[in-house]
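# Secondary and tertiary structure notes
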Amino acid sequence: TIGLPEPQAREAYGDANVKAYKSVFKPMHFALCEEEAKKPMAMKLVCAGEEERVVGLHVIGIAADEMLQGFAVAVKMGATKADFDHACAIHPTAAEEFVTMGPWGAKPDGR
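Description of the structure in this document.

### Quick look at the overall build of the protein
Looking only at helices and strands, the protein features 3 helices and 4 strands. For the protein, the N- to C-terminal ordering of α and β elements is β-α-β-β-β-α-α. In summary, the protein has a C-alpha radius of gyration of 14 Å against a globular reference of 13 Å for 111 residues, a match within 12%. The principal-axis extents of the C-alpha atoms in the protein amount to approximately 45 × 25 × 25 Å. The buried share of the protein, reckoned over its 111 residues, is 35%. When contacts within the protein are restricted to residue pairs at least 6 apart in sequence, long-range pairs at least 24 apart make up 57% of them. Within the structure as shown, the protein displays about 6700 Å² of accessible surface, and the carbon and sulfur contribution to it stands at 58%. Charge separation in the protein, taken as the distance between the mean sites of 12 positive and 16 negative side-chain charges, equals 3 Å.

See below:
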């Protein structure tokens, strides 16, 4: 976890000024495993303001610790959702999900 959880971001920036992008999936790390061995992964970007500055980034699953190291720098530097969208996704990695979340089909949670 980096930055603010969604509820704290909503308190700090106001409900209407926060968008959360979420994804739950089974990473390709488990592609050749039996279905019952495949562990799910969950990711969330919490963005605030019109510019959608990333104020929280959360991940649970395999290699989450490795992903957080790199994304922590971007969040600390004030990265926006647009910055994430313009990054080149490294495939096949679970980390690519953070830079391909919406507008590629994922929608803000509607709050």
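### Overview of the pairing of strand S4 (residues 53-60)
With 6 of 8 residues buried, S4 lies mostly within the body of the structure. Here strand S1 (residues 2-3) runs beside S4; their pairing, made up of 2 bridges, is antiparallel. Bridging across to S4, Ile 2 finds its partner in Leu 57. As defined by bridge partners, strand S3 (residues 41-48) adjoins S4 across 7 bridges and the pair is classed as antiparallel.

### A closer look at unusual backbone geometry
Apart from glycine, the bulk of residues carry a negative phi angle, and the bulk of peptide bonds sit in the trans form. For the bond running from His 91 to Pro 92, omega is 0°, close enough to zero to count as cis. Note that Pro 92 resides in the segment after helix H3 (81-85). The phi torsion at Ala 63 lies on the positive side, around 65°, for a residue other than glycine. Considering the arrangement of structural elements, one finds Ala 63 in the loop between S4 and helix H2 (64-76). Here Ala 63 falls in the partly exposed class, since its relative accessible area comes to 38%.

### Concerning the pattern of salt bridges
All told, the structure shown has 6 salt bridges when counted by the stated rule. A salt bridge links Glu 6 to Arg 10, with the shortest nitrogen-to-oxygen separation between them at 2.9 Å. Here Glu 6 and its partner Arg 10 are both found in helix H1 (residues 6-13), 4 residues apart, which amounts to about one turn of the helix. Notably, a salt bridge pairs Asp 85 with Lys 81, separated by 2.5 Å at the nearest N-O pair. Residue Asp 85 and its partner Lys 81 are both found in helix H3; the two are separated by 4 residues, about one turn of the helix.

### Some details on the sheet that holds S1
Read from one edge of the open sheet, 4 strands run S1-S4-S3-S2, paired in antiparallel fashion. Among the strands making up the open sheet, the edge pair consists of S1 and strand S2 (18-25). Across 8 bridges, S2 lies against S3 in antiparallel orientation. Among the inter-strand pairings, Phe 25 is bridged to a residue of S3, identified as Met 41.

What counts as what
- Residues numbered from 1 in each chain as written.
- Predicted model: local features only at pLDDT ≥ 70, side-chain atom pairs only at ≥ 80, totals over all residues.
- Heavy atoms only, no water.
- Helix = DSSP H or I, 4+ residues; strand = E, 2+ residues; numbered from the N terminus.
- Rg over C-alpha atoms; globule rule 2.2 N^0.38 Å.
- Buried < 20%, exposed > 50% of the residue type's maximum accessible area, 1.4 Å probe, protein only.
- Contact = heavy atoms within 4.5 Å.
- Areas by Shrake-Rupley, 256 points an atom, 1.4 Å probe, with all protein chains shown as cover.
- Lys, Arg positive; Asp, Glu negative; His and termini not counted.
- Charge placed at Lys NZ, Arg CZ, Asp CG, Glu CD.
- Pairing = 2+ DSSP bridges.
- Salt bridge = Lys/Arg side-chain N within 4 Å of Asp/Glu carboxyl O.

Everything listed here is a matter of geometry and, on its own, says nothing about what the molecule does.
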